[in-house]
Amino acid sequence: MRMDETQRGWLIASAAILAVALAVFVPYAYFSSQGPRGGSAIGLLFGVVGFAFMIFAALLGARKRVPTWRVGRAQAWMRGHLWLGLLSLPILLFHGGFHFGGTLTRVLMWLLIIVVGSGVFGAVLQHYLPDIMTSDAPLETIYDEIAHVREQLLDEADRYVETWCGSLHLQLAGPQGASLHAGGFSAMRPITPIRGPVAAGIAPAAAVVALTEDESAPLRRFYLEEMRPFLDRPRARGQRLANEARATSAFEGLKTALPPAAHAMLADLEDVCEEARQLERQARLHHWLHGWLLVHIPLSLALIALGAIHAVMALRYSS
Amino acid sequence: MIDLTIDGNPVRVPAGTSVFDAARMKGIAIPTLCHLQNETPVGVCRLCVVDTGARVFSASCVRPVEPGMNVVTNSEKVQSARRTLLELLLADHPSPCARQQQSGDCELEALGRAAGIKEPRFSKRTLARGKDDSSLAIAVDHDACILCDRCIRGCNEIRNNFVLGRMGKGYAAGVAFDLNAPMGDSTCISCGECMVSCPTGALTNKGIVGTVIAAGDDAQLIEAEELLHLPVFKGISGTFLELNRGAIVKRRVRHGEIICREGEFGSTAFYLLEGKARVSISSPIAHVKTEGGARGFFKRLTSTLAVRDSDAREEETRDRTIPIDASVDLAYENPVAELGPGDLFGEMTCLNFYPRSATVRAETDVLAYEMLRNVLDILMKNKTFRAQLDQNYRRRALENHLRGVPMFADLTPDFIEHLKESVELVRYAPGQLIARQGEPAESFYLVRIGFVKISENYPGGELVLAYLSRGDYFGEIGLLGGGVRTATCTALDHVELVRISNEDFRQMIEQFPAVRQGLEKVAAERRAQNQQRLQMVESVPIDQFLSQGLMEAQSLLILDLERCTRCDACVNACADAHDGVTRLIRDGLRFEQYLVATSCRQCRDPLCMVGCPVGSIRRRNSLEVIIEDWCIGCGLCARNCPYGNINLHPFEVVAEDPDRPGRKRAIVKQKATSCDLCTHLKEPSCVYACPHDAAHRVDPRTFFAPLLGGK
């Protein structure tokens, strides 16, 4: 969620709550004979409020499971999650009087710190990364479709090169009928191949091979040894085409080895590589955008569970 | 009797005989193009010139014999003159012409070959006179016409139809139908006489290539002679029927068998001769649910349709009918009707290649004619057949159509009876103008068959205001307002309309004030909407905005990519709200930092509506496009949507078994789905569920105004 002026209301409200909490905590800590404790009335109040904030923050997950329930806009829940979740840390620190206590409370406090920390980290990522993804990967596609689009890119590149060099003798895995132009927009519905009399009326394209074997040798070598492996496994290390500047230089070098007629095709291949890089960039950014949740969510659940145990034990045995 | 000599042979013929005929009697062939034995000779091609010893050669077809005349038909000078004439005609003729390509018997090209002309010495015509493809039966290539007038004489002298004539002068001269109307729009009845008279490829039979109906055990080919004995073919040209052999068959269907199935594509129409057939929609009449959510694990695993009672739309408070491609409409509550002898069905499929709108099953043993569009077209031009069809329509469906107009629901039965007798049923060819903006308004129209485009001119172009289909109406604004048409109405395909005259319209609104109020209210709404659209068109200047079709949209689902974390909460919410089927795909074109998601845009020019065989995709008064629950899943709307925003989704439902009547079984039915804006809710689910404030449903005109710098 973007941290902008639309958050002002929540910021002010949170600051006010924190100010009130501080106003309560400071005299309480100063005048309390035993120092601030979780078991005191004010300490318990901080504990209940902090735990309530935690519960509310955790309910966002449940809210997302029922997106059509009219229980408040998801956006409001998200803002509440962010600000109240953040507030829960100081409130619960006030609850414990900045002491981490025994084993369970110590674990709880560390869990809280990690959960809030990971949440803040996630919020920062989600503030900046959408912007970066939008500008750096303009050809982005749906994340789950990336593998499919890569297959299409590979298929498209194969066909470009085979048009100029003749058969590459490849075992093509991709669907031959899916002659979709790879691009930022992927067709989500299967495109029905033309059959029957209409297809019979369309003359098959002649197999034109534009370069002789000698002329095409540099392209063939470059494609089979460098570009195809890159399109196939873009994450492998040490690939020249994974870097934009080095890829440009590689294609410039290849241009000098091929006749000018083939330069337009090289530009197409360069575009294919650029799209593959963008997809890789998108996948990487996507992992950053959502990867932190792998830490945040399980620890949050653990925190709620342990928090509940702590509450029950504290209330049961405090008297 | 007159004695003369032809090529040295003495000949005796009655006075008044032409030289051409005299030579023929003697077995001497004189080449000709413009002359036919059964037509009055006109001597325009001059190819039959002979040397009679006069100062110039004479056209033998119009030159009467004279006593003692010495005729030479084949001298070198005569042959040279003919050769020059042939070269001149061939220079003005596309070679090979359509006839030469089809059957290799273009008379002009045959004569050219016989004279050894490979390439004429004269330069070819540079000015094209054009082609006319408007008739379903006959193709017209004006470039191949040699102005021999054989067609004109065939039409006027032999058939007495008086449709064909000459037009233009000099190089632009040609033949014309009526007052130079396209052949399909003219009064031509497609008798085929012109076509068989034509010596070249200027008028050729437009048999639908390779689509002769296959004969078999249940389909019997019919000879032209047999057809001509049938009342419905009375007055139709035998020549035409002969040329279109195989385009009509007599089909026998046994009791219980299916004649055609809803949703299937076809190209034929059926005319019932004997027996009864049941026409029905087998799709379950039920909505794809528009709300859902967590209702249990098992519920989420299945995909079902909600019965109408549990999910009725607001406007579905009164009885409605489902328009189909037959002479009857189906009742919403019980979409079944009966067809009998004399009924025609499949007209829209045959003429416009729309999918079949309903399933027709033989209730008894049925005998029917199945025909292709060229035969149907000529039948439709037959007065006897037309009258019979119109009578069926007036008797069975007109009342439903009239009552289908909400404002007409209160008309008394007497007045409806009056209208049934007084309305005119009119027919328009594809592209034909029905009414032009600015012309006097003289009638009110109800669409019976086909689609009508309503458009308005504005500086710099034409703006489509609406597409109207069966059951829709137009013309009330002009009649209620200043008596002038405010928009142009054009037939998009083969259109048939019910025309209510100005007098009847006036009588109706005077007699029924409620009708007047209703029509005035609708007219005011339409005028306001049209005005709003025109204002919008004038205020949007950006090319990209236009090229992405954003200007056409009334409501866009946009995702602010600088806020969107690609979490897919919007997609999940949409799926959750619509029975597990998402109607939005988080992909699409980008405009600035916004992604225009693949979700219905509620276009101002809703191309998706054109062609729906059962009229199940329509626009509400609030302008959103909705798909009615009797959608038969043919997929035409999905193909028509330029933005890929309509998808077909399979639903497993229990419905009547088409192979075993009376029994039910689980089948998979397709239904088209499109964003309905979650109109029953305050806010679309996708927008409501976006936690990052990235998804918005916006009016592009206002939302993008700051970016566009518009007004």
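Residues numbered from 1 in each chain as written. Chains lettered and ligands numbered in written order. Predicted model: local features only at pLDDT ≥ 70, side-chain atom pairs only at ≥ 80, totals over all residues. Heavy atoms only, no water.

A. How the structure looks around the overall build of chain A. Secondary structure assignment for chain A yields 10 helices and 0 strands. In chain A, the order of α-helices and β-strands from amino to carboxyl end is α-α-α-α-α-α-α-α-α-α. Across the 319 residues in chain A, those meeting the buried criterion constitute 42%. Summarising the internal contacts of chain A: among those between residues at least 6 apart in sequence, 76% fall at separations of at least 24. Of the accessible surface of chain A, which amounts to about 17400 Å², a share of 65% is contributed by carbon and sulfur atoms. (Helix = DSSP H or I, 4+ residues; strand = E, 2+ residues; numbered from the N terminus. Buried < 20%, exposed > 50% of the residue type's maximum accessible area, 1.4 Å probe, protein only. Contact = heavy atoms within 4.5 Å. Areas by Shrake-Rupley, 256 points an atom, 1.4 Å probe, with all protein chains shown as cover.)

B. Looking closely at the interface of chain A and chain B. Each side of the interface is counted separately: chain A has 37 residues, and chain B has 35 residues. Contact between chain A and chain B buries roughly 3000 Å² in total, counting both sides, with carbon and sulfur atoms accounting for 51%. Our count for the contact surface shared by chain A and chain B stands at 4 salt bridges. Here Arg590 of chain B makes a salt bridge to Glu140 of chain A, at a shortest N to O gap of 2.9 Å. Those elements that provide at least two residues to the side of chain A that touches chain B are helix 2 (41-65), helix 3 (74-96), helix 4 (103-136) and helix 9 (263-291) of chain A. Counting residues per element, the side of chain A that touches chain B draws most heavily on helix 4 of chain A, at 5 residues. Considering only residue class, the side of chain A that touches chain B consists of 16 nonpolar, 11 polar and 10 charged. (Buried area = accessible area lost by both parts, 1.4 Å probe. Salt bridge = Lys/Arg side-chain N within 4 Å of Asp/Glu carboxyl O. Nonpolar A, V, L, I, M, F, W, Y, C, P; charged D, E, K, R; others polar.)

C. Spatial organisation of the packing of helix 2 (residues 76-91) of chain B against helix 4 (residues 107-114) of chain B. All names here are of chain B. The geometry of helix 2 relative to helix 4 is characterised by a closest axis approach of 10 Å and an angle of 135° between their N-to-C directions. One way to sum up the angle between helix 2 and helix 4 is to call them oblique. Two packed elements cross with a definite hand, and for helix 2 against helix 4 that hand is left-handed. Residues Leu86, Leu89 and Leu90 of helix 2 touch helix 4, and the partners they reach there are Leu108, Glu109, Leu111 and Gly112. (Axes fitted to C-alpha atoms, helices over the stretch in contact; angles between N-to-C directions. Parallel < 35°, antiparallel > 145°, perpendicular 65-115°, else oblique. Left-handed = near helix turned anticlockwise from the far one by under 90°.)

D. Here's a closer look at the packing of aromatic side chains. All names here are of chain A. Throughout the structure, instances matching the rule amount to 18 aromatic pairs over all chains. A centroid spacing of 5.7 Å and a plane angle of 65° characterise the contact between Phe25 and Phe98, whose relative ring orientation is edge-to-face. Of this pair, Phe25 sits in helix 1 (residues 8-31) while Phe98 is found in the loop between helix 3 and helix 4, placing the two residues 73 residues apart along the sequence. Owing to a relative accessible area of 47%, Phe98 belongs among the partly exposed residues under this scheme. Where Phe222 meets Phe251, the ring centres are 5.2 Å apart and the plane angle is 75°; that geometry is what we call edge-to-face. (Phe/Tyr/Trp six-rings, centres within 6.5 Å; stacked < 30°, edge-to-face > 60°.)

E. Structural detail: the sheet that holds strand 24 (residues 424-428) of chain B. Residues and elements named next belong to chain B. Pairing is antiparallel in the open sheet, where 4 strands are placed in the order 24-31-26-29. A strand with exactly one partner marks an edge of an open sheet, and here the two such strands are strand 24 and strand 29 (473-474). Taken strand by strand, helix 12 (residues 383-396) contacts strand 24, strand 26 (443-449) and strand 31 (495-501), and its axis lies near 120° from that of strand 24. (Pairing = 2+ DSSP bridges.)

F. Spatial organisation of the pattern of salt bridges. All names here are of chain B. Counted according to the given criterion, the structure contains 35 salt bridges over all chains. Between Arg99 and Asp105 there is a salt bridge; the shortest N-O distance is 3.1 Å. A relative accessible area of 15% places Arg99 in the buried class. Looking at Asp105, the relative accessible area reads 35%, which means it is partly exposed. Through salt bridges with shared partners, one network takes in Asp390, Arg427, Arg448 and Glu496.

G. Region of interest: the environment of Leu241 of chain B. You can see Leu241 of chain B is positioned in helix 8 (residues 238-243). Linking Leu241 of chain B and Glu225 of chain B, residues 16 residues apart in sequence, is a C-alpha distance of 8.6 Å.

H. Inspection of the confidence of the model for chain A at higher detail. Confidence in the prediction of chain A, expressed as mean pLDDT, is 84, and 87% of residues score 70 or more. Confidence drops under a pLDDT of 50 for residues 173-207 of chain A, and excluding neighbours within four residues, the segment shows 37 contacts in the predicted structure. (pLDDT = per-residue confidence, 0-100.)

I. How the structure looks around the pairing of strand 30 (residues 488-491) of chain B. Residues and elements named next belong to chain B. With burial as the criterion, each face of strand 30 is covered, one bearing Thr488 and Thr490 and the other bearing Cys489 and Ala491. By the bridge criterion, 2 bridges tie strand 25 (residues 433-435) to strand 30 in an arrangement that is antiparallel. Residue pairing across strands places Ala435 opposite Cys489, the latter belonging to strand 30. Relative to strand 30, strand 27 (residues 452-458) runs antiparallel, the two being bridged by 4 bridges. Directly across from Lys453, in strand 30, lies its bridge partner Thr490.

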